[in-house]
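The lines below spell out each chain.
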Amino acid sequence: MFSRSETDLISHLKKACSTEETAPKRKHVRACIVFTWDHKSSRTFWNDLRVLPLQSDEVQTFKALITMHKVIQEGHPSTLIGGYKNRDWINSLARNFPADGFRQYGRLIREYDNYILRKLDFHHVHRGFNGTFEYQEYISLMTVSDPNEGYNSILDLLALQDAIDDLQRLIFASISNQKQSECIISALVPLLTESYGIYKFLTSMLRAMSVSYTHLRAHETRRHL
């Protein structure tokens with residue numbers, strides 16, 4: 001027996017991931033995000049998403065990826081953990097449309113799916129980051145305290161930024177080939193949010209590492225005087 005909130009979640013997911021070639025409506029995606037915070041869990045979200053008939057329609061699959069991306073960005077922290085646990089299922093979505101697809105979403109789905117997997121892998125390794133890479137001073141200081149860890153974080157973030165750039169280029173190239181481009185364009189919103197969050201953290205991180213390096217050099221100089 002489903003509770004009222006669980007029934008509502010299923011309804012919002014179905015509407016967010018409809019077969020209509022439009023952007024997932026914000027109110028439905030927002031309801032999914034709020035559900036994870038209200039219940040402090042993402043299990044129901046992932047379970048309900050998995051039972052949708054995504055294999056039968058490429059637009060529905062693409063909208064599910066957009067919805068998924070936004071929820072792991074803004075949802076409860078458990079959503080990132082749940083996403084990693086569902087990694088095999090997410091990976092399977094890319095295999096449903098090996099060619100371009102009847103509606104030309106095949107490659108977009110495969111590349112977007114691959115990016116989400118890379119994002120989940122990043123967060124699995126770097127547990128201190130939230131879904132939008134918001135900068136927090138204590139995270140920076142924790143990472144800067146170990147220079148090797150700091151450099152690795154920067155390199156992994158730059159690799160993720162490159163992946164975003166590759167995906168957004170594909171999206172822009174696909175827009176001109178589509179009569180209905182609203183659905184495709186809507187994928188840029190979470191990507192822009194992601195890119196800005198990474199940029200903001202990287203600049204803060206590099207600044208903190210520069211200050212740390214300057215202090216270290218000054219300390220070494222004083223020791224040799």
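You'll find the structure just up there.
Summarised in this report is the structure supplied together with it. Worth saying up front: this structure is predicted, and the values here are computed from it rather than measured. Per-chain numbering applies: the sequence of each chain, read as written, is numbered from 1 onward. For a predicted model such as this one, the threshold for reporting local features is a pLDDT of at least 70, and the threshold for listing and counting side-chain atom pairs is 80 or more; totals across whole chains, interfaces and linings nevertheless cover every residue. Values shown for side chains rest on all heavy atoms present in the structure; no hydrogens or waters enter the calculation.

## Some remarks on the overall build of the chain
Here is step 1: A run of DSSP states H or I qualifies as a helix once it reaches four residues; a run of E qualifies as a strand once it reaches two. Both are numbered from the N-terminal end. Summing up its helical and strand segments, the chain has 11 helices and zero strands in all.
Here is step 2: Along the chain direction, N to C, the helices and strands of the chain fall in the order α-α-α-α-α-α-α-α-α-α-α.
Here is step 3: Think of it in three bands: residues with accessible area under 20% of the maximum for their type are buried, residues over 50% are exposed, and the middle band is partly exposed, with areas taken using a 1.4 Å probe on protein chains only. For the chain, the proportion of its 225 residues judged to be buried stands at 47%.
Here is step 4: Contacts in the chain between residues at least 24 apart in sequence constitute 78% of all its contacts with a sequence separation of at least 6.
Here is step 5: Carbon and sulfur atoms make up 53% of the accessible area of the chain, which amounts to about 12300 Å² in all. In this analysis, two residues are considered to be in contact whenever any of their non-hydrogen atoms come within 4.5 Å of each other. A 1.4 Å probe and the Shrake-Rupley method give the accessible areas. Residues count as covered only by the protein chains that appear here.

## Overview of helix α2 (residues 26-39)
For the α-helix, the turn length of 3.6 residues means that residues three or four positions removed from each other point alike.
Here is step 1: Helix span, as expected, comes to 1.5 Å for every residue beyond the first. Between its first and last C-alpha atoms α2 spans 20 Å; for 14 residues at 1.5 Å apiece the expected length is 20 Å, and the two agree.
Here is step 2: The complete set of buried residues in α2 reads His28, Val29, Cys32, Ile33, Phe35 and Thr36. Summarising the axial view, the buried residues of α2 lie within an arc of 150 degrees, below the 170-degree limit, and thus occupy one face. Away from the buried face of α2 by more than 90 degrees, exposed residues Lys27 and Asp38 are located.
Here is step 3: Where α2 is buried, its residues contact α1 (4-16), α3 (43-50), α4 (58-74) and α5 (78-85).
Here is step 4: Immediately beyond the C-terminal end of α2, within one or two residues, lies Lys40, with a positive phi of roughly 50 degrees. Within this analysis, the arc is defined by the directions that extend from the helix axis to the C-beta atoms.

## Examining the state of the cysteines
Here is step 1: In this description, a disulfide is simply a cysteine sulfur pair whose atoms lie within 2.5 Å. The final tally for this structure, using the stated rule, is zero disulfides.
Here is step 2: Looking at Cys17, it has no disulfide partner, and the nearest cysteine sulfur is the one in Cys32, 7.3 Å off.
Here is step 3: The buried category is assigned to Cys17, whose relative accessible area is 0%.

## Some points on the pattern of salt bridges
Here is step 1: The salt bridge definition used is simple: a Lys or Arg side-chain nitrogen within 4 Å of an Asp or Glu carboxyl oxygen. For the structure shown, the criterion picks out six salt bridges.
Here is step 2: Between Arg169 and Asp165 there is a salt bridge; the shortest N-O distance is 2.9 Å. With Arg169 and Asp165 both in helix α9 (residues 147-175) and four residues apart, the pair spans about one turn of that helix.
Here is step 3: The class of Arg169 is exposed, set by a relative accessible area of 53%.
Here is step 4: Among the charged side chains, a network of salt bridges with common partners joins Arg26, Arg30 and Glu74.

## Side note on the nonpolar core
The tendency in soluble globular proteins is for nonpolar side chains to be buried side by side.
Here is step 1: In these notes, a set of buried Ala, Val, Leu, Ile, Met, Phe, Trp, Tyr and Cys residues joined through side-chain atoms within 4.5 Å is what counts as a nonpolar core. Grouped together as the largest cluster of nonpolar side chains are 56 residues, with contacts concentrated most on Leu49, Phe62, Met68 and Ile171.
Here is step 2: Sorting elements by how many residues they give to this core places α9 first, with nine residues.
Here is step 3: Filtering out sequence-adjacent residues up to four positions away, Phe62 remains in contact with Tyr105, Leu108, Ile109, Tyr112, Cys183, Ile184 and Ala187.

## Overview of the packing of aromatic side chains
Here is step 1: Put simply, two rings from Phe, Tyr or Trp (the six-membered ring, in Trp's case) pair if the centres are within 6.5 Å, and we call them stacked under 30 degrees between planes, edge-to-face over 60, tilted for the rest. Considering all chains together, one arrives at seven aromatic pairs under this definition.
Here is step 2: Their ring planes at 70 degrees and their centres at 5.2 Å tell us that Phe45 and Trp46 sit as a pair that is edge-to-face.
Here is step 3: By the ring-pair criterion, three or more aromatic residues cluster together here, those being Phe122, Phe129, Phe133 and Phe201.

Note that all results are geometric; they support no functional claim without further evidence.
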